[in-house]
Amino acid sequence: MIGDQELLFAILTAVFALLVWGRWRYDLVAFAGLVVSVTVGVVPVEAAFSGFGHPATVIVALALIVSRGLSNSGVVELLAGWLVDGKRALSRHIAYMSGLAAGLSAVMNNVAALALLMPVDLQAAKAAERSPALTLMPLSFASILGGLVTLIGTPPNIVVSSFREEALGAPFAMFDFAPVGLVCALVGVAFVALIGWRLLPKGRLAKNSSSELFELQDYIAELTVQEDSKLIGKTLGEIDAAEEEDAVDVLGLIRGGHRLPRAARKVPIEAGDVLVVQAGPEAIEKLSGALGLDFSEGRQGATVLKGRDLELKEVVVPPGAIVDGRALSAMPFLIQLGVRVLGVSRQGQRLHERLWRLPLQAGDILLLLGPGDALPEASHRLGTLPLAQRGLQVIQRDKAWLTLGIFVVAILLASVGLLYLAVALAAVAVLYCLLRIVPMRELYDSVEWPVIILLGSLIPLGTALEQSGGTAVLAGGLLALLEGAEAWVILTLLMVVTMTLSDLLNNTATAVIAAPIALEMAQKLQVDPDPFLMTVAVAASCAFLTPIGHKNNTLIMGPGGYRFGDYWRMGLPLEILVIAVAVPMILLVWPL
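Residues numbered from 1 in each chain as written. Predicted model: local features only at pLDDT ≥ 70, side-chain atom pairs only at ≥ 80, totals over all residues. Heavy atoms only, no water.

(A) The packing of helix H9 (residues 178–194) against helix H26 (residues 567–589), seen in detail. Contact geometry of H9 with H26 gives a least axis separation of 9 Å together with a crossing angle of 150°. The angle between the axes of H9 and H26 places the two elements in the roughly antiparallel class. In this structure, the crossing between H9 and H26 has a hand that is right-handed. For the pair H9 and H26, contact is made by Pro-179, Val-180, Val-183, Cys-184, Val-187, Gly-188, Phe-191 and Val-192 and by Met-570, Pro-573, Leu-574, Leu-577, Val-578, Val-581, Ala-582, Met-585, Ile-586 and Val-589, respectively. Partitioning the contact of H9 with H26 into residue classes produces 17 nonpolar, 1 polar and no charged. (Axes fitted to C-alpha atoms, helices over the stretch in contact; angles between N-to-C directions. Helix = DSSP H or I, 4+ residues; strand = E, 2+ residues; numbered from the N terminus. Parallel < 35°, antiparallel > 145°, perpendicular 65-115°, else oblique. Left-handed = near helix turned anticlockwise from the far one by under 90°. Contact = heavy atoms within 4.5 Å. Nonpolar A, V, L, I, M, F, W, Y, C, P; charged D, E, K, R; others polar.)

Now the structure itself:
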């Protein structure tokens, strides 16, 4: 008969395999694993949903709300505005931006920090006429490194701290992570600013900036030929010259809902035909006005947007967004809001499906068209992040110092032990809502629910694995690999294994599973468990080898024009550097 331990190993192996495969969202995979575990009896029914009330889950949710408040107040915008200088030397610019990203990530969600600074970096690249690929990856890596500094900087720190509280009776404090995390962040930022960006492929270092920037801003769009269009009776071949002059590439023609073959370049254009074009947003708008084309859905006929006060907005699809893996045809609320997706940009790829049927991917950039007052709501409901500076109606600059003051006071009270961290963050969230720094309509949008579902689902699995003796088996296996080795060598192995897992899996999932193993290893070696737990916290957050290891790496893939194989060039030496710095620092601050 199969025991609980074997069943848990089988379920977790299946969960990890599905997470690496990436076909289904990680929150669905984790929740399904929990349901199966409860069904077969390896997780007790009474503990099935204990993870959703776990301190780690609550603190992550509250930290995300507080992060939204810091963003809405305009503090970040004001700081970042000082750093946009196209004349600044590249290494100096990367050092400034990376330092700010790391500093912000220490006190707010690092995905939010990157989303706020990425438009600033893109503007600086445009002003300096250089490729944004040179600076976006250092910016992403720095925002990840900054999360190592404080308890709320990154979910793995919260997970490890909460596990320590359960296992040893006391959590890590707010700044217990700072001695090791700060050194890693400083060394890492120095590396990406001075050396890291030079390791990117030669094509990224080219100075043909205007061409690169144009391609990164190109969209695949569909424009409908109106009754009075100048194109009626002409062929695509006849407008080739205009395409080159206006920097527009007409890719094909759709008639009756079907895309015509390449020979359609000789077919006379008719009213109601849909042109598939590739161009930047300004060129698309110019082309539509000059040639009598309409921003309409080919499957729906004439758009209802004509005559309204319209604006364009560029947004990026983050991992786990509602549109990630889904087609626009499944988003009827866009029609209700009077907003449509005018174009899609996917790392310069030519897309062959109709836009409304195209499954979107994390990293895609969408060009939204609609009334100015409807675009923010559309972006929120799609789960996308803006790529343009936020407007005056979003940033509440007059509340910047009040927002910062409330946050600092709460953190100080939590740091000296007068308030439990979760309570302190909850108080900040309540005050932000009462003061309308975070409006109620944004409150639940601020929480990254897929991460909450992931945490709530995996925590009971991790607890069951520990109680069944599974973590002891895993720890014993790792120790057997280095039988008789010094403790610091085993500590280094733990960091390498955890870091490798984090490059393939969600970093929160990695921390949930690795923390009990680290404790078990320390107990078998009869040494202090704190350096082993701190090792997991550092390693789980340092995912630099792949675009799937961390959400920030995925977020920059489209705007930076990166390929999957670009990340390890800068990421591998950075991970080696973090190991070389972190292990001695951990042993110095948290001796065995």
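So, next bit.
(B) Region of the structure containing the pairing of strand E7 (residues 340–345). In terms of burial, E7 is largely enclosed, as 6 of its 6 residues are buried. As judged from the 5 bridges shared by E7 and strand E8 (residues 365–371), these two strands associate in the antiparallel manner. Residue Arg-340 lies in a different strand from E8, and its bridge partner there is Leu-369. (Buried < 20%, exposed > 50% of the residue type's maximum accessible area, 1.4 Å probe, protein only. Pairing = 2+ DSSP bridges.)

(C) Looking closely at the packing of aromatic side chains. Applying the stated criterion across every chain, the model contains 5 aromatic pairs. Ring geometry for Phe-172 versus Phe-177: centroids 5.4 Å apart, planes at 65°, classification edge-to-face. Each member of the pair, Phe-172 as well as Phe-177, is classed as buried. (Phe/Tyr/Trp six-rings, centres within 6.5 Å; stacked < 30°, edge-to-face > 60°.)

(D) Local environment of the pattern of salt bridges. By the definition in use, this model includes 4 salt bridges. Here Arg-255 and Glu-270 are joined by a salt bridge, their closest N and O atoms 3.6 Å apart. Of this pair, Arg-255 sits in strand E2 (residues 249–255) while Glu-270 sits in the loop between strand E3 (258–259) and strand E4 (274–279); the two residues are 15 residues apart in sequence, bridging distant segments of the chain. Between Arg-381 and Glu-377 there is a salt bridge, with the nearest N and O atoms lying 3.8 Å from each other. One end of the pair, Arg-381, and the other, Glu-377, are both in helix H15 (residues 375–382), 4 residues apart, so they sit about a helical turn from each other. Exposure remark for Arg-381: the relative accessible area of 37% places this residue in the partly exposed category. When its relative accessible area of 39% is taken as the criterion, Glu-377 is described as partly exposed. Several salt bridges share partner residues, and in doing so they unite Arg-255, Glu-270 and Asp-273 into one network. (Salt bridge = Lys/Arg side-chain N within 4 Å of Asp/Glu carboxyl O.)

(E) Main features of the confidence of the model for the protein. Per-residue confidence for the protein gives a mean pLDDT of 79; residues scoring 70 or more make up 83%. Across the protein, element-level confidence peaks in H9 with a mean pLDDT of 95 and bottoms out in helix H11 (residues 209–216) with 42. In the predicted structure, residues 388–394 sits below a pLDDT of 50 and forms 11 contacts with residues beyond four places in sequence or in another chain. (pLDDT = per-residue confidence, 0-100.)

(F) Here's a closer look at H9. The end-to-end C-alpha separation of H9 is 23 Å, in line with the 24 Å expected for 17 residues at 1.5 Å each. If you check which residues of H9 are buried, you get Ala-178, Val-180, Gly-181, Cys-184, Ala-185, Gly-188, Val-189, Phe-191, Val-192 and Ala-193. Those residues of H9 that are buried lie in contact with helix H5 (90–105), helix H7 (133–146), helix H23 (530–541) and H26. (Expected span 1.5 Å × (residues − 1).)

(G) The arrangement of a nonpolar patch on the surface in detail. Judged by side-chain polarity, Leu-402, Val-430, Leu-431, Leu-434 and Leu-435 come together as a nonpolar surface patch covering roughly 440 Å² of accessible area. Here the element with the most residues in the nonpolar patch is helix H17 (residues 421–434); it accounts for 3 residues. With respect to the helices and strands, Leu-434 occurs in helix H17. Residue classification places Leu-434 among the exposed positions, given a relative accessible area of 65%. (Patch = residues over 30% accessible without salt bridge, like charges linked within 9 Å, V, L, I, M, F, W, Y side chains within 5 Å. Areas by Shrake-Rupley, 256 points an atom, 1.4 Å probe, with all protein chains shown as cover.)

(H) Seen up close, the side chain of Asn-507. Looking at the element boundaries, Asn-507 is found in helix H22 (residues 507–525). Looking at Asn-507, its side chain comes within polar contact range of the side chain of Thr-508, at 3.4 Å. Beyond its immediate sequence surroundings of up to four residues, Asn-507 is in contact with Thr-154, Pro-156, Ser-502, Ala-540, Ser-541 and His-550. (Polar contact = N/O pair within 3.5 Å; in protein donor to acceptor, adjacent residues only side chain to side chain.)

(I) Representation of the nonpolar core within the structure. If you look at the biggest cluster of nonpolar residues, it comprises 140 residues, and the most contacted ones within it are Tyr-432, Met-495, Met-521, Phe-532, Tyr-562 and Val-578. Ranked by residues supplied to this core, first place goes to H22 with 11 residues. Core analysis: the second largest hydrophobic core is formed by 21 residues, Val-341, Leu-355, Leu-358 and Leu-366 among them. (Core = buried A, V, L, I, M, F, W, Y, C linked by side-chain atoms within 4.5 Å.)

(J) Broad picture of the packing of helix H21 (residues 487–504) against H22. The N-to-C vectors of H21 and H22 enclose an angle of 165°; their axes lie 10 Å apart at closest approach. By the angle class used here, H21 and H22 are roughly antiparallel. Handedness of the crossing formed by H21 with H22: right-handed. Facing H21, whose interface residues are Ile-490, Leu-494, Thr-498, Leu-501 and Ser-502, H22 presents Asn-507, Thr-510, Ala-514, Ala-518, Met-521 and Leu-525.

(K) A look at the state of the cysteines. Tallied over the full model, the rule gives 0 disulfides. For Cys-542, which is in no disulfide, the shortest distance to another cysteine sulfur is to Cys-184 and amounts to 6.5 Å. In this structure Cys-542 comes out as buried when scored by relative accessible area, which is 0%. (Disulfide = S-S within 2.5 Å.)

(L) A look at the environment of Leu-366. Within the secondary structure layout, Leu-366 lies in strand E8. Taking the relative accessible area as the measure of exposure, Leu-366 reaches 0% and is therefore buried. In this structure the C-alpha to C-alpha distance between Leu-366 and Ser-345, which are 21 residues apart in sequence, comes to 6.4 Å.

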